[in-house]
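Descriptive analysis of the structure
Okay, here's what each chain looks like letter by letter:
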Amino acid sequence: MNSVGMNSGSMNLGSMNSRIGYIAFNTFREAVRDRVLYNLIAFALLLSGAAILVGEISIDIERLVVVNLGLTAVSLFGVVIAIFIGIGLVSKEIDKRTLYTVLSRPVRRWEFVVGKFFGLTGTLVVNTFLMAIGVFLALLYVAHRFEKMDVWVLVALLIVATGLIAYDVAVAADLGAAPDAKNSGSAA
Amino acid sequence: MAAIEILDLEKSYLVGFWRKRPKLALRPLRLTIEEGEVFGFLGPNGAGKTTTLKLLMGLVFPTAGTARILGMDIDDPRMKSQIGFLPEQPYFYDHLSARELLNYYGQLSGVPAKGRSARVEQMLARVGLSDSAGMQLRKFSKGMLQRLGLAQAILHDPKLVFLDEPMSGLDPMGRREVRDLIQQLRHEGKTVFFSTHILSDAEALCDRVGVIHQGELRGVGAVAELTSQTQGKVEIIFYSRTVPAGLTSLGAEARLSGDMVNAVLPEEQQDAALEVLRRERLKLISLTPVRSSLEEYYVLKTRPTEVRNEDGRNEDGRTEESRKGVGV
């Protein structure tokens, strides 16, 4: 084999952080290429849009309704996305045996789980950001301008995002517990 | 230095839903594989080949025992950057294209960014996937996945390559290419450890083979030795519709198939047998000394345990019988 400037003797392992980054990026890429994600985002935006209609039949509290429904949509669909993606984060890799060719490389198990976690977190942050834009557009449509108080909507969104991340910590910690246990029964 | 040192590696699984009982998947296994060797790990389905490989890759944890690869522990990342692994019926991230996948694996294995994409293209060309490198893997056929699996196993130029059933799912051309690839790896001085149940492949490629059955290593031997022993018998094939009486009286075991007769008889009776054929004016097709093939060794080693225990004392008689059973 005429290797391209490679020298296996030098044992270039790459850094731990970069490996976690690569795994996180791959997890993010997988989520982004999944069509389910776009359906969920579309529904969240639809709900924010519907808030405008609901706001129109309420008197004086249009903004309140839009903010309420918008935030609800973001947190609800955020949780749904976290569940949908998070649930298969590690177990799908075990089931489909994609894990084998990753763990047989210089990747420690905890690096894999942490990388997966950051990938999911990244996906959630980007999605929350997209849905937040939807909420603010709805607000703008109702009031035609932003007010000082809208900063608090941003704060609320951050709290929602933090909640989602806390949730996905729980999911990842649970799923990362025992990749070995899944192998029982497949003694072939 | 030994490339792989397996020291009494053992694995049992818990089976059953309510009352969990341990099931022994691999009995204590002791095996040493030298550097630069091509080692074939043979055994029927469910024998424990894949379990052994999973243990060596650190994918499952052993119940007892240890192993050292390239002189390092099996969970040492420095060692893992020097080995390549092709799992059985490989499956990869189907949202990626072949090029993206190899790039990702290159990143994980610590292939320097500088030559990485060139290396990826080179590997794609080596396994004949250059044309479909940009296609998502969900559209790949089984054989293409197998090729890609080989590419990812040798991507980072490892010293030691583990291949689990490398020929499965491949067409005849593909199998030939895999054989060539393993031979190239041998020329490059790499150590190859591969499991298979296709004996002709093992016979053609391996320096040594190990036979595993029901989680137990039944025998290890050099292929050259195993296949060179003659047994003092010859096999004669000739055209005839009946078995000549003269042959059976010479102690031949003859079998009629169509208009051909296949007879096995002791070497010293060879001339007498040919004399019989000449007298009967029968047309000879071939006369070959019976060699023990890898298949016979395999059959011998994977006989059911019960039989082995029953007449364990009569070792020689049993051996002879099984050889006949295959040879005739």
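Residues numbered from 1 in each chain as written. Chains lettered and ligands numbered in written order. Predicted model: local features only at pLDDT ≥ 70, side-chain atom pairs only at ≥ 80, totals over all residues.

Next up on the list: the overall build of chain B. A tally of helices and strands in chain B yields 13 helices and 14 strands. The C-alpha extent of chain B, read off along each of the three principal axes, is 75 × 50 × 45 Å. By sequence separation, contacts in chain B at least 24 residues apart represent 69% of the contacts at least 6 residues apart. (Helix = DSSP H or I, 4+ residues; strand = E, 2+ residues; numbered from the N terminus. Contact = placed C-beta atoms within 7 Å.)

Time to look at the nonpolar core. Generally speaking, nonpolar side chains in soluble globular proteins are found buried as a group. One finds V74 of chain A together with I69, L102, A151, F162 and V192 of chain B to be the most contacted residues of the largest nonpolar core, which totals 114 residues. Ignoring any residue separated from it by four or fewer positions in sequence, one finds V192 of chain B in contact with V38, F39, V161, L163, I182, L185 and R186 of chain B. (Core = buried A, V, L, I, M, F, W, Y, C linked by C-beta atoms within 7 Å. Buried ≥ 20, exposed ≤ 12 C-beta atoms within 10 Å, placed from the backbone.)

Attention now moves to the environment of R208 of chain B. All names here are of chain B. Checked against the element boundaries, R208 lands in strand β9 (residues 208–213). On the basis of neighbour counts, which here come to 19 C-beta atoms within 10 Å, the residue R208 falls in the partly exposed class. When the C-alpha atoms of R208 and I33 are compared, they prove to be 9.0 Å apart, with 175 residues separating the residues in sequence. Look past the residues within four positions of R208 in its chain and what remains in contact with it is E37, F39, V220, G221, A222 and V223.

In this section: the packing of helix α1 (residues 16–32) of chain A against helix α3 (residues 98–109) of chain B. One way to put it is that α1 of chain A packs onto α3 of chain B with a least axis distance of 9 Å and a crossing angle of 155°. Between α1 of chain A and α3 of chain B, the crossing angle belongs to the class labelled roughly antiparallel. Between α1 of chain A and α3 of chain B the crossing geometry is left-handed. Along the contact surface, α1 of chain A presents R19, Y22 and N26 of chain A, while α3 of chain B presents Y104, Q107 and L108 of chain B. Taken together, the residues of the contact of α1 of chain A with α3 of chain B break down into three nonpolar, two polar and one charged. (Axes fitted to C-alpha atoms, helices over the stretch in contact; angles between N-to-C directions. Parallel < 35°, antiparallel > 145°, perpendicular 65-115°, else oblique. Left-handed = near helix turned anticlockwise from the far one by under 90°. Nonpolar A, V, L, I, M, F, W, Y, C, P; charged D, E, K, R; others polar.)

Put simply, chain B has an average pLDDT of 84, and 91% of its residues get 70 or more. At the level of chain-chain contacts, confidence expressed as ipTM amounts to 0.78, with global pTM at 0.77. (pLDDT = per-residue confidence, 0-100.)

Residues and elements named next belong to chain B. Sheet analysis places strand β12 (residues 253–257) next to strand β13 (residues 260–266), joined by five bridges and oriented antiparallel. Across the sheet, the residue bridging to L256 is V261, located in β13. Where β12 hands over to β13, the hairpin turn is made up of two residues, of which G258 adopts a positive phi near 65°. (Pairing = 2+ DSSP bridges.)

What follows covers the sheet that holds strand β10 (residues 216–222) of chain B. All names here are of chain B. Read from one edge to the other, the open sheet built from six strands follows the order β6-β7-β8-β3-β9-β10, with strand pairing classed as mixed. The open sheet has two edge strands, β6 (83–86) and β10, and neither has a second partner. Neighbouring strand axes in the sheet, compared pairwise and without regard to direction, differ in orientation by 15° on average. The sheet contact formed by strand β7 (residues 160–164) and strand β8 (residues 191–196) spans five bridges and is parallel. Each residue of the ladder has a partner; that of L163, found in β8, is F194.

Next up on the list: the sheet that holds strand β5 (residues 72–73) of chain B. Residues and elements named next belong to chain B. With antiparallel pairing, the four strands of this open sheet are ordered in space as β2-β1-β4-β5. Each having just a single partner strand, β2 (21–34) and β5 make up the two edges of the open sheet. Here helix α1 (residues 49–56) sits on the sheet in contact with β1 (2–15), β2 and β4 (64–69), set at roughly 70° to β2.

A word on the domain arrangement of chain B. Along its sequence, chain B is organised into domain 1 (2–226) and domain 2 (230–291). Placing the centre of domain 1 of chain B and that of domain 2 of chain B at their C-alpha centroids yields a distance of 45 Å. (Domains from an automatic or database assignment.)

Phi is positive for R97 of chain A, close to 65°, though the residue is something other than glycine. Backbone geometry at E165 of chain B places phi at a positive 50°, although glycine is not the residue there. Mapped onto the elements of the fold, E165 of chain B is located in the loop between β7 and α6 (172–187).

Quick look at helix α4 (residues 113–126) of chain B now. Residue pairs spaced three or four apart in an α-helix point in one direction, given the helix's 3.6 residues per turn. Residues and elements named next belong to chain B. Taking 1.5 Å per residue as the helical rise, α4 with its 14 residues ought to reach 20 Å, and the 20 Å between its terminal C-alpha atoms agrees with that figure. Those residues of α4 that sit buried are R116, R119, V120, M123 and L124. On the buried face of α4, the contacting elements are α3 and α5 (142–154). G128 sits one or two residues past α4 and shows a positive phi near 70°. (Expected span 1.5 Å × (residues − 1).)

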